[in-house]
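Notes for the structure review
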Amino acid sequence: MELYIHLPYCRQKCRYCDFASYAGQEGTMAAYVDALLREAEVMAATAQGKSMQTAYIGGGTPSTLPAPLLRKLLTGLRAHFTLPSGIEFTSEANPGTLTPPWLEAALDGGVNRLSLGMQAYQPELLALLGRIHSFEEVKASVHLARRMGVKNLSVDLMFGLPGQTVAMWRETLDAALSLGVEHISCYGLIPEDGTPLKRDLDADRLALPDEEDERRMYDDALRILSQAGFEQYEISNFAKPGKACQHNIGYWQRTSYIGLGTSAATFLPTRRGGLRLTNPSGIRDYIAMVDDQAWRRRDRTSLMAEDARFESLMLGLRMTQGISEAEFAAMHGLTLDAYCGNVLRAQAQRGLLVHQDGRWALTRRGMDVQNAILVEILEATDQGTD
């Protein structure tokens, strides 16, 4: 079982972001932390005494939470959940907001891995994204984290941005590698409805790179990061040996998890499918739910067996190691071959999937058309053809 804590506060909302994150809400921080700890007390019963395998603080920008409140939060979490010493405990942080007091509180509370939102190297792209930092501040944050003892660092990068060229992306990759971090995530931009960036694209005030250039950017990430000693373990994620993010791997393998805070989800897999509970996305709505103990306000989704099987396949194929036939059968009481074997074999003949050592995995070509493969599997299983 894994633990996720959502801190929805930001200094400034990024122009591409549609997450539950808010600027100008600092006045609610103390009440929000109190609500998190009350929810933690209630949800601890769901853990049934189990030790958490990983913990992750996401946002928003967790590094905007004042150090005393972070210390209170981390102390309180340990009062309700078993968080063994040495487990992977990640917190996201943004350059320009990371401070020595915040880091000291985080490290004292068990955080041992930081994920920094670098996104791009060029000032003009950072401004376009609505980021508040410069690359110099990224370097300063990495230096501060190292000086204070953080041995496991990750940076997030984005490609396929408006105005971004292949040369600019290579420059961003080189800059990220110069930081000496253990993990790099490379996410292709997905313009989300309702965001300022999407409105600019729809109004033709901005234009995305063409598909060929975006594919070259992804190919460059594979090549350049591999040459630098990084192993790709998921479509968007690359790590030095032994430094893959265990928390995210848990999501992709459908490990049970508890989510605390705005928009956070709790997932409990079952043999018949699973149960997902999702909190309200608004800060005040969330605090009110906890204060009123009105847990019925959470969105409750029961996954049927068919939904759970498809979710396992969809998430498992994101990883370069693919999905295990034995693990799929143990989890769902149905073999992968019986579920969608005909489609998998057809995709293998097209060079999009490979079957080896009891696992099905995407090829490099398959990664480019993963969504189309999943649609074909979904259509086939919906029609009962496998």
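The text that follows walks through the structure, step by step, so that each part is easy to find. These numbers come from a predicted model, not from an experiment. (Residues numbered from 1 in each chain as written. Predicted model: local features only at pLDDT ≥ 70, side-chain atom pairs only at ≥ 80, totals over all residues. Heavy atoms only, no water.)

Here the focus is the sheet that holds strand S15 (residues 323-324). The 3 strands are arranged S15-S17-S16 in an open sheet whose pairing can be described as antiparallel. With one partner strand each, in any of the chains shown, S15 and strand S16 (353-356) form the two edges of the open sheet. Two strands pair when backbone bridges link them, and S15 and strand S17 (residues 359-362) are joined in this way by 2 bridges, in the antiparallel orientation. Bridge pairing links Ser324 to Arg359 in S17. Set on the sheet, helix H13 (residues 336-349) makes contact with S15, S16 and S17; between it and S17 the angle comes to about 40°. (Pairing = 2+ DSSP bridges. Helix = DSSP H or I, 4+ residues; strand = E, 2+ residues; numbered from the N terminus. Contact = heavy atoms within 4.5 Å. Axes fitted to C-alpha atoms, helices over the stretch in contact; angles between N-to-C directions.)

Before going further, it helps to examine the pattern of salt bridges. Under the definition given, this model contains 22 salt bridges. Here Asp220 makes a salt bridge to Arg170, at a shortest N to O gap of 2.6 Å. With Asp220 in helix H8 (residues 211-227) and Arg170 in helix H6 (residues 166-177), the pair connects residues that are 50 residues apart, well separated along the chain. Via salt bridges that share partners, Arg215, Asp219, Arg364 and Asp368 belong to a single interconnected network. (Salt bridge = Lys/Arg side-chain N within 4 Å of Asp/Glu carboxyl O.)

As a further point, take the packing of helix H11 (residues 305-316) against helix H12 (residues 325-332). Any two packed helices are characterised by how steeply their axes cross, that is the angle between the axes, and by the distance between the axes. Direction vectors running N to C along H11 and H12 enclose 160°, while the axes themselves pass 11 Å from each other. Taken together, the axes of H11 and H12 lie roughly antiparallel to each other. Crossing angle aside, the handedness with which H11 passes H12 is right-handed. Contact with H11, carried on its side by Ala308, Arg309 and Ser312, involves Phe328, Met331 and His332 of H12 and no other residues of that element. Here the residues of the contact of H11 with H12 are counted per class, giving 3 nonpolar, 2 polar and 1 charged. (Parallel < 35°, antiparallel > 145°, perpendicular 65-115°, else oblique. Left-handed = near helix turned anticlockwise from the far one by under 90°. Nonpolar A, V, L, I, M, F, W, Y, C, P; charged D, E, K, R; others polar.)

Let us look at the pairing of strand S7 (residues 153-159). With 7 of 7 residues buried, S7 lies mostly within the body of the structure. Relative to S7, strand S6 (residues 113-119) is paired through 5 bridges, and the arrangement is parallel. Bridge pairing links Leu116 to Val155 in S7. Bridge analysis of S7 against strand S8 (residues 183-188) gives 6 bridges, and the strand direction is parallel. Across the sheet, Ser154 pairs through a bridge with His183, a residue of S8. The β-α-β motif built from S7, the intervening H6 and the parallel element S8 has right-handed crossover chirality. (Buried < 20%, exposed > 50% of the residue type's maximum accessible area, 1.4 Å probe, protein only. Right-handed = clockwise from strand over helix to strand, strands pointing away.)

Take the nonpolar core next. Of all hydrophobic cores here, the largest spans 94 residues; its most connected members are Leu77, Phe81, Cys186 and Leu260. With 10 residues, the single largest contributor to this core is helix H1 (residues 29-47). Those residues within four positions of Leu260 in sequence are excluded, and the remaining contacts are Leu3, Tyr4, Ile5, His6, Leu36, Glu39, Ala40, Met43, Leu77, Phe81 and Asn279. Counting residues in each nonpolar core, the second largest holds 13 residues, with Cys14, Tyr16, Leu125 and Leu189 among its members. (Core = buried A, V, L, I, M, F, W, Y, C linked by side-chain atoms within 4.5 Å.)

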